[in-house]
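Single-letter residue listing:
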Amino acid sequence: MSDRMIKNKKGQVSLGATAFPPNGLSLKAGDILLKLWVSLGIPVAAFSIFIWLWSAGAASVQTSLGTLPGPQAVFAQAGTLWQEHWEEKGKEKEFYFKQREQNAQKLAQDPAYQVKARKYTGKPTYLDQIITSLITVFTGFVIASLVAIPIGILCGLNRIIMIAFNPFIQIFKPVSPLAWLPLVTMIVSAVYTTQNGGIEKCFIISAITVSLCSLWPTLINTAQGVSSIDKDIINVSRVLNLGWFTHVFKIVLPSSLPLIFTGLRISLGVGWMVLIASEMLAQNPGLGKFVWDEFQNGSSNSLARIMVAVLTIGVLGFILDRLMVLLQKTVNFQK
Amino acid sequence: MAFLELNNVSKSYVSGPGGKRLPVLENINLKVEEGEFIAIVGFSGSGKTTLISLIAGLLNPDEGEILLRGQPVLSPGPDRGVVFQNYSLLPWLSVYGNVRLAVGKAFPSWLPRQKDRQTHKFIDLVKLTPAVAKYPRELSGGMRQRVAVARALAMNPQMLLLDEPLSALDALTRATLQDEIEKIWEKERKTVILITNDVDEGILLADRIIPLNPGPSATLGPEFPITLPRPRNRQQLNHDARYKMIRNQIIEYLMDVRGDVAGFRVPEDLVLPDLEPRYVSSDSLKG
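Every value quoted in this text rests on a predicted model; they were computed, and no experiment measured them.

Chemist: For this particular structure, what's the right way to read the overall build of chain A?
Modeler: Regarding its fold elements, chain A presents 10 helices and 4 strands. The secondary structure elements of chain A, listed N-terminal to C-terminal, are β-β-α-β-β-α-α-α-α-α-α-α-α-α. Residue burial in chain A is summarised as follows: out of 335 residues, 34% are buried. Considering only contacts in chain A between residues 6 or more positions apart, those separated by 24 or more positions represent 71%. As displayed, chain A offers around 20600 Å² of accessible surface, 68% of which is attributable to carbon and sulfur atoms.

Rendered as structure tokens:
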């Protein structure tokens, strides 16, 4: 112990800064319990309090559509939506089965009969709408990435290009999807005129609106990543005398991948958020349209169904973000 | 005409928004013959890296000219392999990938099989075949620097520029790599310019040692030819009178020239103040 003691000027002995070791008692079991409580117990407790507050508070709010639904009502509606999906699928199956049977019958009576195949025209179920939303957001996200990454690379490589693009980035970045949508609608309607089948116009409008709002984080992060490559690595590229394309694809792109993926992750989050608004207005048959239709519908179940949608949007957004984190980890070479 | 010639080369950096010129190198003259091993020794901050960047073509001189086989050096080229102090490997490529990138660039017309063979040959030369698929982050400092050496050599350059390649390594690794560089040089007989701050390293490896006087406006000092027979053995050198003499001469020169430039000398005896550490406790605060 004496080596831990230092004399102060009055000659008194005081303890040094070194801490004592634990007093021999095994703290292991306690440690584990504490960790479990922190990582699992607290979130569960917080969630329980939220549910309780929700069910207590909801009952006291009277809306024009009845009382605000509590957790039980929302849970019940989630079950109903799930059931409706399978009922609808059953109807669809039945429809196609009948159609096939009828066609076979008519063919048997008259071999010259032209077989008619009609599409089932039932309304899309909640699960169909989720899938439409996911496809729309991915389409918008891919378009955004295909535009943002190359422009970001050019901006990062060349200061002049960066200065040229900067005002556009600064001005268009904060624009809301609701402002873009009317413009996009008019332009798509004017340009995309093929009516016979193909891709739905409302899908294109939603996807383009998503990309217009979500390309900025990727663009900015890519430019940042490219312009901040280690000077030594640039020197290696110069010493090896790499050509422009090799330089971009073998040096610039890999070394800025971590930041590009950070940008992509933010972009996907923004895209998912923007998607709901643009689907509402463009009437793309996804989650946004579901919420809007339920709102217009105004049945006693509507509010509970909208709450199901809110929770679905939240959970899916969370899952998308986790997927991007996983992707980001696979490209991160500086572990 | 010498293999490499630097004639009256000067370089200065413009620093800050005020645009003040900071001279780094001034009036550098150097002639290097083919197959020669030159060591340039100097203190840190004396402009060694600037000098090698100029020869590599990463920088262009403000005045004077650099001639390689009579042709002016204006940009980097595959005829000059560079090994940087901090390895500068590409972290997303394996050992193989790093060397292969250089091979692919240096011999674009080769078949993939030939490029592959060349890559493996030089990884083997630096004894890294067992680590061929590893990534730089999985390698020690010494191994990383070997990869950098293999990458530079695999391009089959006419000359090799080593910018303090071993100064970031521990003493043991450093000694091993010095021996290996000598062996490789004996085998390949490339023209080498080694920048170092280690006089012993220079004596062990080089034919000539040229001190770089401390900057700003650094100039080259008088050259010291090293006539010790090769291969040089570290242990034997320690007892060699000529070695001791040349070593003392160079160190003396470097110490002198630093004193001249910096305008200070360390006094013979430094008197350390007689202090006892105080410990701040609540008592001492009250008192």
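Chemist: Mind showing me how you'd approach the packing of helix H3 (residues 126-157) of chain A against helix H8 (residues 244-282) of chain A here?
Modeler: Two packed helices can be described by the angle between their axes and the distance between those axes. Residues and elements named next belong to chain A. Two numbers describe how H3 lies on H8: the axes approach to 7 Å, and their chain directions differ by 140°. Taken as axis vectors, H3 and H8 run oblique relative to one another. The handedness of the crossing between H3 and H8 comes out as right-handed. Each residue belonging to the contact of H3 with H8 can be placed in one class, and the counts come to 16 nonpolar, 7 polar and 1 charged.

Chemist: In this structure, what is going on with H8 of chain A? I would like to understand it.
Modeler: Given 3.6 residues per helical turn, the α-helix brings residues three or four places apart onto the same face. Residue and element names in this part refer to chain A. Compared with the 57 Å implied by 1.5 Å per residue over 39 residues, the 42 Å span of H8 between its first and last C-alpha is markedly short. Residue Leu257 marks the point of greatest curvature in H8, where the axis turns by about 60°; the proline Pro258 follows within four residues. Residue Gln283 follows H8 closely and has a positive phi angle near 60°.

Chemist: What's the story with the environment of Gly142 of chain B in this structure? I'm lost.
Modeler: In this structure, Gly142 of chain B sits in helix H4 (residues 141-154). Setting aside residues no more than four positions away along its own chain, Gly142 of chain B makes contact with Leu169, Thr173 and Leu177 of chain B.

Chemist: Please clarify how the packing of aromatic side chains should be interpreted in this entry.
Modeler: Two measures describe an aromatic ring pair: the distance that separates the ring centres and the angle between the ring planes. Inspection of the entire model under this criterion finds 15 aromatic pairs over all chains. Both rings, one in Trp82 of chain A and one in Trp86 of chain A, keep their centres 5.7 Å apart while their planes meet at 80°; by these two values the pair is edge-to-face. Here Trp82 of chain A and its partner Trp86 of chain A are both found in helix H2 (residues 71-109), 4 residues apart, which amounts to about one turn of the helix. Take Trp82 of chain A: its relative accessible area is 49%, and that puts it in the partly exposed class. Classification of Trp86 of chain A by relative accessible area gives partly exposed; the value is 46%. Here the aromatic residues Phe168, Phe172, Trp180 and Trp216 of chain A are joined through ring pairs into a cluster of three or more. For the cation-ring pair, Arg189 of chain B lies above Trp185 of chain B, with the distance from its terminal atom to the ring centre recorded as 4.2 Å.

Chemist: Is there a simple way to think about a nonpolar patch on the surface in this case?
Modeler: Residues and elements named next belong to chain A. A grouping of Leu154, Leu157, Trp244, Phe245 and Phe249 is seen on the molecular surface, where their side chains present a nonpolar patch of about 530 Å² in accessible area. Contributing elements (two or more residues each) for the nonpolar patch: H3 and H8. At 3 residues, H8 tops the list of elements feeding residues into the nonpolar patch.

Chemist: It is not clear to me how the nonpolar core should be interpreted in this structure. Could you clarify?
Modeler: Side chains of nonpolar character tend, in soluble globular proteins, to be buried together. All names here are of chain B. Leu4, Leu6, Ile40, Ile193, Ile203 and Ile209 are the most contacted members of the largest nonpolar core, which totals 96 residues. It is H4 that provides the largest number of residues to this core, a total of 7 residues. Each of two domains, domain 1 (1-79 + 158-263) and domain 2 (89-156), supplies a minimum of three residues to this core. Discounting residues that sit within four places of it in the chain, Ile209 has contacts with Ala39, Val41, Val199, Gly202, Ile203, Pro222, Glu223, Phe224, Ile226 and Ile250.

Definitions and limits used
Residues numbered from 1 in each chain as written. Chains lettered and ligands numbered in written order. Predicted model: local features only at pLDDT ≥ 70, side-chain atom pairs only at ≥ 80, totals over all residues. Heavy atoms only, no water. Helix = DSSP H or I, 4+ residues; strand = E, 2+ residues; numbered from the N terminus. Buried < 20%, exposed > 50% of the residue type's maximum accessible area, 1.4 Å probe, protein only. Contact = heavy atoms within 4.5 Å. Areas by Shrake-Rupley, 256 points an atom, 1.4 Å probe, with all protein chains shown as cover. Axes fitted to C-alpha atoms, helices over the stretch in contact; angles between N-to-C directions. Parallel < 35°, antiparallel > 145°, perpendicular 65-115°, else oblique. Left-handed = near helix turned anticlockwise from the far one by under 90°. Nonpolar A, V, L, I, M, F, W, Y, C, P; charged D, E, K, R; others polar. Expected span 1.5 Å × (residues − 1). Bend = angle between axes of the 7 residues up to and from the residue. Phe/Tyr/Trp six-rings, centres within 6.5 Å; stacked < 30°, edge-to-face > 60°. Lys NZ or Arg CZ within 6 Å of the ring centre and 35° of its normal. Patch = residues over 30% accessible without salt bridge, like charges linked within 9 Å, V, L, I, M, F, W, Y side chains within 5 Å. Salt bridge = Lys/Arg side-chain N within 4 Å of Asp/Glu carboxyl O. Core = buried A, V, L, I, M, F, W, Y, C linked by side-chain atoms within 4.5 Å. Domains from an automatic or database assignment.

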